[in-house]
Amino acid sequence: MEFVLDTADIDEVKELDGLLTIAGVTTNPTIITKSGKQSEEVFAQLADYLKPEQKLFAQTISTDYDGMLAEARHICGLRPKNTYVKIPVTRTGLRVIKAAKAEGLGVLATAIYSADEAFLAALNGADYLAPYVNRMCNYCDGVGQVVGLIRMLAAQGMDTKVMAASFKNVEQVRELIAAGIQAVTVQPPVVHAMIDHPGTEIAVAEFTENWKNAYGRTTLLA
Ligand code: G3P
């Protein structure tokens, strides 16, 4: 299972990559604009930091066929390998996915709001599918729809990976991991919520206090 960070914040990437086993980083246009940096700077920082085996995902901005395909080639050329273009599953996007795969580019189909859109993108060859779980909850049972998508792909013997995105709480992430999802991309606030359970801090403080009261020190080695 790939655990991916959904952020353009290089400091968050460095901190969380030090703590966890991170398979890669996804960005989207909004995340990049919120960083206050130019996209070139964000991609350069991420490409410089990530190990070759860690994946980088960046999204097209153009909405026309030629523009999207040109941007797809540019994005996939940012690093020698493990770099994927994120293509929204509009009608034009579906055509671009077919063309990009015909050229051998790595593709993540994104802005997915239904299992139907996702499945059609998978048939066009997308390597990853990114359903927007929390946003889907405005229309349906987002988690349930993604569980259905995982089953659809398995039933058809397709190896396309589902990388769910747009999580707003740890419960959504947990349910999809339990359902066997291949990848999740999670924004730092939700990752921090997964890491930091207050009970753990309380337990450690209690151990330390008891040790100190009994032995007069806060270390194992005297
Ligand atoms: O990267 C795509 C996805 O994570 C968007 O999330 O929070 O804008 O719904 P959000």
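This is a predicted model, so every value here is computed, not measured.

Participant: Sorry, what's going on with the nonpolar core here?
Facilitator: Soluble globular proteins tend to pack their nonpolar side chains together in the buried interior. Grouped together as the largest cluster of nonpolar side chains are 57 residues, with contacts concentrated most on Leu129 and Leu176. Residues contacting leucine 129, with those up to four places away along its chain left out, are Ala109, Ile112, Ala118, Ala121, Ala122, Leu149, Leu153, Thr160, Lys161, Val162, Met163 and Ala164. Residues Val4, Ala23, Phe57 and Ala183 belong to the second largest nonpolar core, which totals 9 residues.

Participant: Help me out: how do you make sense of unusual backbone geometry in this one?
Facilitator: It is generally the case that most residues other than glycine have a negative phi and that most peptide bonds are trans. Positive phi values are uncommon outside glycine, yet asparagine 82 reaches one of about 60°. Here asparagine 82 lies in the loop between helix H4 (65–76) and strand E4 (83–88). Of the residues examined, asparagine 82 reaches a relative accessible area of 21% and is grouped as partly exposed. Phi is positive for alanine 111, which is not a glycine, with a value near 55°. Along the chain, the position of alanine 111 falls in strand E5 (residues 106–112).

Participant: Would you explain the state of the cysteines in this entry?
Facilitator: The term disulfide refers to a covalent linkage connecting the sulfur atoms of a pair of cysteines. For the structure on display, the rule yields 0 disulfides. Here cysteine 137 stays free of any disulfide, with the sulfur of cysteine 140 as its closest cysteine sulfur at 6.9 Å.

Participant: Before we go on, may I ask you to explain the site of the ligand in this structure?
Facilitator: Around the ligand lies a shell formed by Asp6, Asn28, Lys86, Tyr132, Arg135, Ala165, Ser166, Lys168 and Gln187. Separating an oxygen atom of the ligand from a side-chain N or O atom of arginine 135 is a distance of 2.6 Å. The side chain of glutamine 187 places a nitrogen or oxygen atom 3.3 Å from an oxygen atom of the ligand. Residues belonging to the shell around the ligand are distributed by class as follows: 2 nonpolar, 3 polar and 4 charged.

Participant: Help me understand the packing of aromatic side chains in this model?
Facilitator: The relative placement of two aromatic rings is captured by the distance of their centres and the angle of their planes. Counted under the stated rule, the structure contains 6 aromatic pairs. Ring geometry for phenylalanine 57 and tyrosine 128: centres 5.3 Å apart, planes at 90°, overall edge-to-face. Of this pair, phenylalanine 57 sits in strand E3 (residues 55–59) while tyrosine 128 is found in strand E6 (residues 128–131), placing the two residues 71 residues apart along the sequence. Across the pair, tyrosine 128 and phenylalanine 57 agree in class, each one buried. Look at tyrosine 113 and tyrosine 132: their rings are 5.9 Å apart centre to centre, the planes differ by 55°, and that puts the pair in the tilted class. Residue tyrosine 113 is found in the loop between E5 and helix H6 (115–123), and its partner tyrosine 132 is found in the loop between E6 and helix H7 (133–136); the two are separated by 19 residues along the sequence. Classification of tyrosine 113 by relative accessible area gives partly exposed; the value is 28%. Through pairs of rings, three or more aromatic residues link up here, namely Phe57, Tyr84 and Tyr128.

Criteria and cut-off values
- Throughout, a residue's number is its position along its own chain's written sequence, starting from 1.
- Note on the predicted model: pLDDT of at least 70 is required for a residue's local features to be given, and 80 or more for side-chain atom pairs to be given and counted; whole-chain, interface and lining totals, by contrast, use all residues.
- Heavy atoms throughout the structure, all of them, feed into the side-chain values; hydrogens and water do not.
- The criterion is simple. A nonpolar core is a set of buried Ala, Val, Leu, Ile, Met, Phe, Trp, Tyr and Cys residues joined through side-chain atoms within 4.5 Å.
- Each residue's exposure class comes from its accessible area (1.4 Å probe, protein chains only) as a fraction of the maximum for that residue type: buried when under 20%, exposed when over 50%, partly exposed otherwise.
- For this analysis, residues touch if any pair of their heavy atoms sits within 4.5 Å.
- For helices the rule is a DSSP run of H or I covering at least 4 residues; for strands it is a run of E covering at least 2, with both sets numbered from the N terminus onward.
- Note on disulfides: each one is a pair of cysteine sulfur atoms within 2.5 Å.
- Being near a molecule or strand, for a residue, means having at least one of its heavy atoms within 4 Å of it.
- By the criterion applied in these results, polar contacts are pairs of N or O atoms within 3.5 Å in which, for protein atoms, one can donate a hydrogen and the other can accept it, and in which residues neighboring in sequence qualify only through two side-chain atoms.
- Residue polarity is assigned by list, with Asp, Glu, Lys and Arg as charged and Ala, Val, Leu, Ile, Met, Phe, Trp, Tyr, Cys and Pro as nonpolar; anything else, Gly included, falls into the polar class.
- Each aromatic pair joins two rings of Phe, Tyr and Trp (for Trp, the six-membered one) with centres within 6.5 Å, and gets the label stacked for planes under 30 degrees apart, edge-to-face for over 60, and tilted for any other angle.

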